[in-house]
Amino acid sequence: MKKTKINIWKTPGMFITAGFAGVILAGTLLLLMPFSVRDGVHVSVIDALFTSTSAVCVTGLIAIDVADHFTAFGQGVVAVLIQIGGLGVTSVGVGLIIAAGRRVSIRGRGLVKEAWNIDTYGGIVRLVKSVLLLTLGFEFVGAVLSFTVFVQDWEPLHAVGISIFHSIAAFNNSGFDILGGLRNLIPYQDNVVLNLTTCFLIIFGGLGFLVILDIFKHRRFRKWTLHSKVVVITTIGLLLAGTLLLKATEDISWMGAFFHSVSARTAGFSTYSIGDFTNAGLFVLCLLMFVGASPGSTGGGIKTSTFFVLIQSVKSVFTKRKPSAFHRGISDSNISKASLITILSGAVVCIATFLVCVLEPKLDFIQIFFEVVSAFGTVGLSTGITPDLSWAAKLVIIFVMFVGRLGAMTLVSMWISHSESNVQYTEEPISIG
């Protein structure tokens with residue numbers, strides 16, 4: 001009897017996963033090279049792997065300080081890894097094919113379609129071009145505005161490098177910095193220009209490319225797609241709620257509360273020491289980090305649209321009406337997918353938290369939980385425990401960052417290659433609640 005062999009490499013999810021893994025390994029090797037590491041500094045394999053994973057997964061969690069351990073070349077490698085991770089391996093690959101003047105294959109278009117979770121093959125090449133130009137435009141503006149701040153404290157050439165790196169990291173929602181001393185943006189907590197510029201880049205990078213293009217194409221809210229309306233309204237709601245809750249729980253300025261509400265949406269920059277936050281403040285940040293950014297963006301988390309659909313689903317139970325928004329119905333498949341994503345994501349966070357608790361019994365639970373949620377949401381905010389984690393605990397965090405960037409559904413879809421069953425059984429009620 002001949003056995004049927006299932007080739008999981010035929011699934012788009014496997015190609016995307018392999019692509020990200022390949023970039024991470026390449027980045028690790030480059031960061032271990034002598035010309036990437038500063039003289040007199042040692043970078044271990046696990047720390048190079050952690051840094052590369054954090055960059056490609058646009059997280060920003062660090063086991064070692066980038067500025068203090070890597071040369072200008074090494075810092076450039078990190079910036080490139082962030083850019084590739086933010087745009088997506090498939091998008092960058094298709095962009096290079098377009099730049100070379102070659103035709104993009106059906107498989108290439110399919111990978112972009114899968115990566116950005118869109119429903120059609122039409123206009124994929126045009127979309128990729130628009131996204132690349134959009135990214136360069138936002139990052140150029142961000143770099144210019146950041147330069148006006150950094151040039152006051154650094155030599156012009158060095159300030160240019162810092163500004164470009166910061167703009168790339170901010171737009172791609174990755175909380176890396178090259179200021180040195182594990183300071184992040186704390187020295188600039190009162191600088192309005194840098195705070196607002198960073199928030200501007202984070203917000204637009206987290207909205208998603210399709211939403212940004214829709215906003216630019218249709219200036220009026222009523223002409224936007226349902227997806228764009230949901231993303232924008234949910235984003236505004238979370239930013240306002242986060243700002244008010246953080247101001248109520250922490251002794252920080254209104255600008256600081258707004259900045260961290262924005263940053264917790266998968267960016268990871270901080271202008272105050274997160275380790276000094278109260279448990280209430282850390283919990284608020286955990287909620288924001290778990291929800292994260294929006295589909296098709298540079299951020300992670302379960303996504304704003306998932307959160308919105310879940311809220312509408314719960315609301316429909318109390319109102320006895322079908323879930324809807326902006327005079328449009330929400331399908332049962334959307335509700336099922338949102339529920340599945342949330343359950344899978346919650347399971348990843350719970351299992352990883354348990355493992356790190358076992359591996360690091362001396363650390364407080366809230367610190368471990370915060371670090372794991374930050375890794376899953378590809379945020380990068382930290383209470384300061386990451387550099388001191390054991391190699392085993394760092395491996396757990398690395399895996400969580402990887403899952404958070406790809407998404408639980410992408411990883412699950414790698415192994416789903418069988419057709420849907422037509423078998424139906426007689427229903428029987430189960431007592432719930």
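Everything numeric in this text was worked out from a predicted model, so none of it was measured.

Reading the values: rules and limits
- Residues numbered from 1 in each chain as written.
- Predicted model: local features only at pLDDT ≥ 70, side-chain atom pairs only at ≥ 80, totals over all residues.
- Heavy atoms only, no water.
- Helix = DSSP H or I, 4+ residues; strand = E, 2+ residues; numbered from the N terminus.
- Buried < 20%, exposed > 50% of the residue type's maximum accessible area, 1.4 Å probe, protein only.
- Contact = heavy atoms within 4.5 Å.
- Areas by Shrake-Rupley, 256 points an atom, 1.4 Å probe, with all protein chains shown as cover.
- Salt bridge = Lys/Arg side-chain N within 4 Å of Asp/Glu carboxyl O.
- Expected span 1.5 Å × (residues − 1).
- pLDDT = per-residue confidence, 0-100.
- Core = buried A, V, L, I, M, F, W, Y, C linked by side-chain atoms within 4.5 Å.

Caption draft 1: Quick look at the overall build of the protein. Secondary structure assignment for the protein yields 18 helices and 2 strands. Relative to its 433 residues, the protein shows a buried fraction of 52%. Within the protein, counting contacts between residues at least 6 apart in sequence, those at least 24 apart form 69% of the total. Working note: accessible area of the protein is about 21200 Å², and carbon and sulfur atoms make up 65% of it.

Caption draft 2: Spotlight on the side chain of Lys-229. Looking at the element boundaries, Lys-229 is found in helix H11 (residues 226-249). Aside from chain neighbours lying at most four places away, what touches Lys-229 is Phe-221, Arg-222, Trp-224 and Phe-326.

Caption draft 3: View of the pattern of salt bridges. The tally for this structure, following the rule as stated, stands at 1 salt bridge. Two residues, Asp-47 and Lys-394, come together in a salt bridge whose shortest N-O distance is 2.8 Å. Within this pair, whereas Asp-47 is found in helix H2 (residues 45-56), its partner Lys-394 is found in helix H17 (residues 391-406), the two being separated by 347 residues in sequence. Given the relative accessible area of 12%, Asp-47 is considered buried. You can call Lys-394 buried: its relative accessible area is 6%.

Caption draft 4: View of helix H4 (residues 72-87). With 16 residues, H4 ought to run about 22 Å at 1.5 Å a step, and its terminal C-alpha atoms sit 23 Å apart, in line with that. The buried fraction of H4 is high, at 12 of 16 residues. Taken as a whole, H4 has its buried residues at Gly-74, Gln-75, Val-77, Val-78, Ala-79, Leu-81, Ile-82, Gln-83, Ile-84, Gly-85, Gly-86 and Leu-87. Positive phi shows up at Gly-88, right after H4, with a value of about 100 degrees.

Caption draft 5: Here's a closer look at the confidence of the model for the protein. Put simply, the protein has an average pLDDT of 86, and 85% of its residues get 70 or more. Considering only residues more than four positions removed or in separate chains, one finds that residues 1-9, a stretch of pLDDT under 50, has 7 contacts.

Caption draft 6: How the structure looks around the nonpolar core. Counting residues in each nonpolar core, the largest one holds 103 residues, and the members touching the most others are Ile-82 and Ile-397. The leading source of residues in this core is H17, at 9 residues. Excluding its chain neighbours within four sequence positions, the residues that come into contact with Ile-82 are Ala-55, Val-58, Phe-165, Ile-168, Ala-169, Asn-172, Ser-174 and Phe-176. Counting residues in each nonpolar core, the second largest holds 7 residues, with Ala-325, Ile-330, Ile-335 and Ala-338 among its members.

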